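Secondary and tertiary structure notes
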Amino acid sequence: METTHTTLMKEKLLELYHKEQEAIRGNATPMVNRIRQHAFSRFRDNGFPSIKQESWRFTDLTPLLNTEFVFDFSNQSRSMDVDKIFTCDVYDLDTFSITLLNGWFVYKHAPLTRLSNGTIIGSLAKAMEVYPDLVDQYIGKAVKTEQYRMAALNTAFLQDGLFIYVPEGVNVDKPVQLINIVNAENPVFLQPRHLIIADKGAKLTLVHCDHSLTHKVSFTNTLMEVYAEENATVDHYKIQNKGRNSALVTNSFFHQKKGSRLQSNIITLNGGFTKNIVDVSIDGTNCNSEHYGLYLVDSNQHVDNQLNINHLKAKSHSNQLYKGILDDEATAVFSGKVLVSRHAQQTEAHQNNNNILLTDDAKANTQPHLEIYADDVKCSHGATVGQLDPEAMFYMRSRGLCERTARQMMMIAFASEVVQKISIEALQKRIHSMVEKRLRGELTICEQCVLHCNSKEPTTFNIDLSKL
Amino acid sequence: MSDKNNQILEEIGGSDYKYGFYTDIEMDQAPPGLTEDTVRFISAKKNEPDFMLAFRLRAFRHWKTLKEPDWAHVEYPPINYQDLIYYSAPRKRPKYDSLDEVDPELLETFEKLGIPLDEQKMLAGVAVDAVMDSVSVGSTFKKTLAEHGIIFCSFSEALQKHPGLIKKHMGTVVPYTDNYFAALNSAVFSDGSFAYIPKGVKCPLELSTYFRINAAKTGQFERTLIVAEEGSYVSYMEGCTAPIRDENQLHAAIVEIIAHKDAEVKYSTVQNWWPGDKEGKGGVYNFVTKRGICEGDNAKISWTQVETGSAITWKYPSLILKGNNSTGEFYSVAVTNNRQQADTGTKMIHLGKNTKSTIISKGISGGRSNNSYRGLVKTGRKAENARNFSQCDSLLLGDQCGAHTFPYIDVGNRSSIVEHEATTSKISEDQLFYCLQRGIDMEGAIGLIVNGYAKEVLSKLPMEFAVEAQKLLSVNLEGSVG
């Protein structure tokens, strides 16, 4: 019964792929279409992930696919004035902001901007027309469509998304903010695709926000590939704050060259169903790869973070720290894997996952795995699932704090270890106060929508308050 | 220094298997192949009650519907199950009044292994139920045990004498539907051991069984069942050595332990099957299902294992902590060398309130071997205040080997605390340096450090076993110095 949903969905997608081929191919380069065709065959052969797969054991897609989704293979939103419906409310956050509405690039400015320092920011669809060589050189290189079925699906249908190229030695001083908005009357199935390239010695900070403005059912399968060339620095912040009826699968592929530095933060504040897949190939010596995550989930939300860190070359350093607080019937999965290959001597890799369960109905599954083939390494991993430390609680109570306040303080302290890693001060402050409010249970719907709510026209939100 | 290191590691890899010899005894074998007829043949040969045959056939039919699992981190050529011999028993089945009547060759085998069958060794206080190619040939200390009402005999004997007990308990912890190899074992198991400790009895002896694979091309499928009634205590030891054979031998055993209220079972094992030669040729495939259940409140089961042999080890001694306040422990040292592969660990399933479990696993890999820890800690919705602590360390002794850790933690209530920590590293240069500057040579230093590293687990073994275990570590790691 359940498997039929996935089969039907797969068949629908196969059919759409052939029917809409012209629209999907668009102005993509021949190279992109070759990659697309290859990924399509993978999807045709393997289909959707199933719970029989190790990495999807606790995360079942089938119930989510039982919806008549609407697909959109051409850009309907190019001329929309997004500012009317959405404004980022992180005060003092000075960014170069890009908006994607329902997976399509919104032409707020030009589709593709070339800054004075040579940085190119804009729509991927446009970049394929204007800079085909640059796109061809990178696109799909780090994406393992064999291993990741959702990545194969995204690649088969890749059309538009964000494109950034930072030339050699350029430091993009303003963070680039990508806002992914889902706002549709009908249940939509979206597959945005982003390509980020930081050339030698370049520096880039990317803030990536996922929002839904309606409580309609939606399914997003997004893929981002990031290439950090020699000595490049990339900071990536992902803030997920989606409606309860939305399903979000994010595939992030990072490819690091010699001496590059990467920091990735994934903060999941809300979302009905969230699966984050992070795959990092450390393909150079002396790299640094830091991965932080925080998930605060309640009701029947489900969040699954899957991290694969592949140390392919020697002398690199990687660190994972994922923390979560689970309330009500929420479930969380963490599956981290560090692979140290034969040649990656003198690797230092650490991995940590801590969970706090607030109720008996919440569930945490954690699998911190190490696979090591080199001997001169320092690797450690740890995982804990538990409650707040009773001794710390006693200490605070003995100082005259009531239990409620003490609990909140401890939870905030627990979460802030991750929040502190955010290097953009304005964003850090904002996230910190969001987390605080979230943990106090004070978030109203407007505030829950994280970064907007400068109260433009509330009617456009179309939110059913009774559901909250 | 690394040159010296390599040289030593090579020497260690070169150390020969000291327990490799082969005894020529006439065998009574089932023809190769696996059909319902084979299952019936085994059952008939052993003159089993009807329920046993029915159980075997159910298991066999289920096995046919299964596919061999491939998720473990091991590689081996496909096994042709039709090519194996599923039953082999020494042809002479004498009833011994004294040791003089025992086949002298067999006695010699035991002597080489140091099994204490004779008078002098009886003083060591060990009752031995030796299984040689599936059928029990000798038992001692029966009298002392009988005085306490303890049953300790071969599985076949138990089937004849205590069919009720077997029928009641067999397959309750590891059902034949559990996994591929459990189904296979349930269908064709040849013999094994059965221990029953009545209510309130503290077993005065360490129960010990030595297993030994002997004839070529014989799969050994033992089945062990230990039942500890309310308030009883038993310490059970199992040890294995195997002779050098070129062909891979399949070993798919089942061990079931049932501990009732306030009972305690301590299960220790030293496994040293033939690991194959330096190129990974030959060696035993050790695919074992071991599981215990703390059925009643305050029950306790502990597994201690030293795994040094086998070409492939695939085993997860598990515990179901069903009774409230029950305790589970798992201590393991797994050593792999040359081309050995080990995928081992444990499962702790917490169901009762205030249940506690401890996991200490030490992996040591050298040569071109792969050593994985794979473990599950699961606490159910009702397992209030469940507590687990896991520590899995890996030590790498060369740049061609692999050490992997695959823990799974599933927590289903808010009052449980589950902690897991693991480290992977090579032998500390500082420790080596310290030993060297005290005048200990490199080889001695490595042996010393490795033994110290494993000590936490070795100290959990019963005295008699601890000595053997240390020797085995020496054989495996210290090479010629041994």
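Residues numbered from 1 in each chain as written. Chains lettered and ligands numbered in written order. Predicted model: local features only at pLDDT ≥ 70, side-chain atom pairs only at ≥ 80, totals over all residues.

**Some thoughts on the overall build of chain A**
- Counting its regular elements, chain A contains 11 helices and 21 strands.
- Here the analysis covers contacts within chain A between residues at least 6 apart in sequence; of these, 83% occur between residues at least 24 apart. (Helix = DSSP H or I, 4+ residues; strand = E, 2+ residues; numbered from the N terminus. Contact = placed C-beta atoms within 7 Å.)

**Regarding the overall build of chain B**
- Looking only at helices and strands, one finds 12 helices and 24 strands in chain B.
- Sequence-distant contacts, at least 24 apart, represent 83% of the contacts inside chain B between residues at least 6 apart.

**Observations regarding the nonpolar core**
- Ranked by size, the top nonpolar core spans 238 residues in total, and within it Ile164(A), Ala198(A) and Val265(B) carry the most contacts.
- The contacts of Val265(B), once residues within four sequence positions are left out, are Ile226(B), Ala228(B), Val234(B), Tyr236(B), Ile257(B), Ala259(B), Gly292(B) and Ile301(B). (Core = buried A, V, L, I, M, F, W, Y, C linked by C-beta atoms within 7 Å. Buried ≥ 20, exposed ≤ 12 C-beta atoms within 10 Å, placed from the backbone.)

**With respect to helix 9 (residues 180–188) of chain B**
All names here are of chain B.
- Buried residues dominate helix 9, accounting for eight of its nine residues.
- Considered for burial, the residues of helix 9 that qualify are Phe181, Ala182, Ala183, Leu184, Asn185, Ser186, Ala187 and Val188.
- Contacts from the buried residues of helix 9 go to helix 2 (36–45), helix 3 (50–64), strand 8 (222–228), strand 11 (254–259) and strand 13 (284–294).

**A short note on the interface of chain A and chain B**
- Listed as interface residues are 30 residues of chain A and, on the opposing side, 30 residues of chain B.
- Split by residue class, the side of chain A that touches chain B holds 13 nonpolar, 11 polar and six charged.
- Two strands pair when backbone bridges link them, and strand 20 (residues 363–372) of chain A and strand 23 (residues 402–411) of chain B are joined in this way by six bridges, in the antiparallel orientation. Looking at the pairing, Asn365(A) lines up with Asp410(B) of strand 23 of chain B. (Nonpolar A, V, L, I, M, F, W, Y, C, P; charged D, E, K, R; others polar. Pairing = 2+ DSSP bridges.)

**Notes on the confidence of the model for chain A**
- On average, residues of chain A carry a pLDDT of 85, and 89% of them reach 70 or more.
- Note on residues 444–468 of chain A: pLDDT is under 50 here. Beyond four places in sequence and across chains, it has 36 contacts. (pLDDT = per-residue confidence, 0-100.)

**A word on the confidence of the model for chain B**
Residue and element names in this part refer to chain B.
- With 75% of its residues at a pLDDT of at least 70, chain B reaches an overall mean of 78.
- The model gives residues 9–14 a pLDDT under 50, and that stretch makes 15 contacts with residues more than four places away or in other chains.
- Per-residue pLDDT stays below 50 along residues 117–127; that stretch engages in 24 contacts with residues further than four places along the chain or on separate chains.
- Interface predicted TM-score (ipTM) for the complex: 0.77; the corresponding pTM is 0.82.

**Description of unusual backbone geometry**
- With phi around 60°, Asn231(A) is a residue other than glycine that occupies positive phi space.
- You can see Asn231(A) is positioned in the loop between strand 10 (218–228) and strand 11 (233–241).
- In this structure, Asn385(B) takes a positive phi of about 55° despite not being glycine.
- Within the fold, Asn385(B) resides in the loop between strand 21 (370–379) and strand 22 (387–396).
- Overall, Asn385(B) belongs to the partly exposed group, with 16 C-beta atoms counted inside 10 Å.

**Remarks on helix 7 (residues 149–156) of chain A**
- For helix 7 of chain A, a buried count of eight out of eight residues is recorded, marking the element as mostly surrounded by other parts of the structure.
- Within helix 7 of chain A the residues assigned to the buried category are Arg149(A), Met150(A), Ala151(A), Ala152(A), Leu153(A), Asn154(A), Thr155(A) and Ala156(A).

**Things to note about the packing of helix 3 (residues 30–46) of chain A against helix 7 of chain A**
Residue and element names in this part refer to chain A.
- Here helix 3 crosses helix 7 at 135°, and the two axes come no closer than 7 Å. As judged from the angle between their axes, helix 3 and helix 7 are oblique. Handedness of the helix 3/helix 7 crossing: left-handed. Contacts between helix 3 and helix 7 involve Ile35, Arg36, Ala39, Phe40, Arg42, Phe43 and Asn46 from the former and Arg149, Ala152, Leu153, Thr155 and Ala156 from the latter.
- Partitioning the contact of helix 3 with helix 7 into residue classes produces seven nonpolar, two polar and three charged. (Axes fitted to C-alpha atoms, helices over the stretch in contact; angles between N-to-C directions. Parallel < 35°, antiparallel > 145°, perpendicular 65-115°, else oblique. Left-handed = near helix turned anticlockwise from the far one by under 90°.)

**Quick look at the environment of Val188(B)**
All names here are of chain B.
- As for its position among the elements, valine 188 is in helix 9.
- Overall, valine 188 belongs to the buried group, with 25 C-beta atoms counted inside 10 Å.
- Each C-alpha atom, one on valine 188 and one on tyrosine 87, is 7.9 Å from the other, the two residues being 101 residues apart in sequence.
- Among residues more than four places away in sequence, those in contact with valine 188 are Leu34, Thr38, Val39, Ile42, Tyr86 and Phe221.

**A word on the pairing of strand 10 of chain A**
Residues and elements named next belong to chain A.
- The buried fraction of strand 10 is high, at 11 of 11 residues.
- Neither face of strand 10 is open: one carries Ser218, Thr220, Thr222, Met224, Val226 and Ala228, the other Phe219, Asn221, Leu223, Glu225 and Tyr227, and all of them are buried.
- Where strand 7 (residues 188–190) meets strand 10, three bridges bridge the pair, whose relative direction is parallel. Note on strand 10: the bridge partner recorded for leucine 190 is threonine 220.

**Brief notes about the environment of Asn33(A)**
All names here are of chain A.
- Position of asparagine 33 relative to the elements: it lies in helix 3.
- Accessibility expressed as a C-beta count within 10 Å gives 16 for asparagine 33, which makes it partly exposed.
- With sequence-adjacent residues up to four places away left out, asparagine 33 is seen in contact with Arg25 and Ala28.

**Considering the environment of Arg368(B)**
All names here are of chain B.
- The topology assignment puts arginine 368 in the loop between strand 20 (356–365) and strand 21.
- Arginine 368 gets classed as partly exposed once you count the C-beta atoms within 10 Å, which come to 19.
- Once residues lying within four places of it in the same chain are set aside, the contact partners of arginine 368 are Asn338, Arg339, Gln400 and Cys401.

**A short note on the pairing of strand 18 (residues 331–340) of chain A**
Residues and elements named next belong to chain A.
- Most of strand 18 is tucked away, with eight of its 10 residues classed as buried.
- Inspection of the sheet shows strand 16 (residues 302–311) paired to strand 18 by 10 bridges, in the parallel sense. Within the sheet, the bridge partner assigned to glutamine 306 lies in strand 18 and is serine 335.

**Focus: the packing of helix 3 of chain B against helix 9 of chain B**
Residues and elements named next belong to chain B.
- At a minimum axis separation of 7 Å, helix 3 and helix 9 run at an interaxial angle of 145°. Crossing handedness for the pair helix 3 and helix 9: left-handed. In this structure, helix 3 contributes Phe55, Arg56, Ala59, Phe60, His62 and Trp63 to the contact, and helix 9 contributes Ala183, Leu184, Ser186 and Ala187.
- For the contact of helix 3 with helix 9, the residue count by class is seven nonpolar, two polar and one charged.

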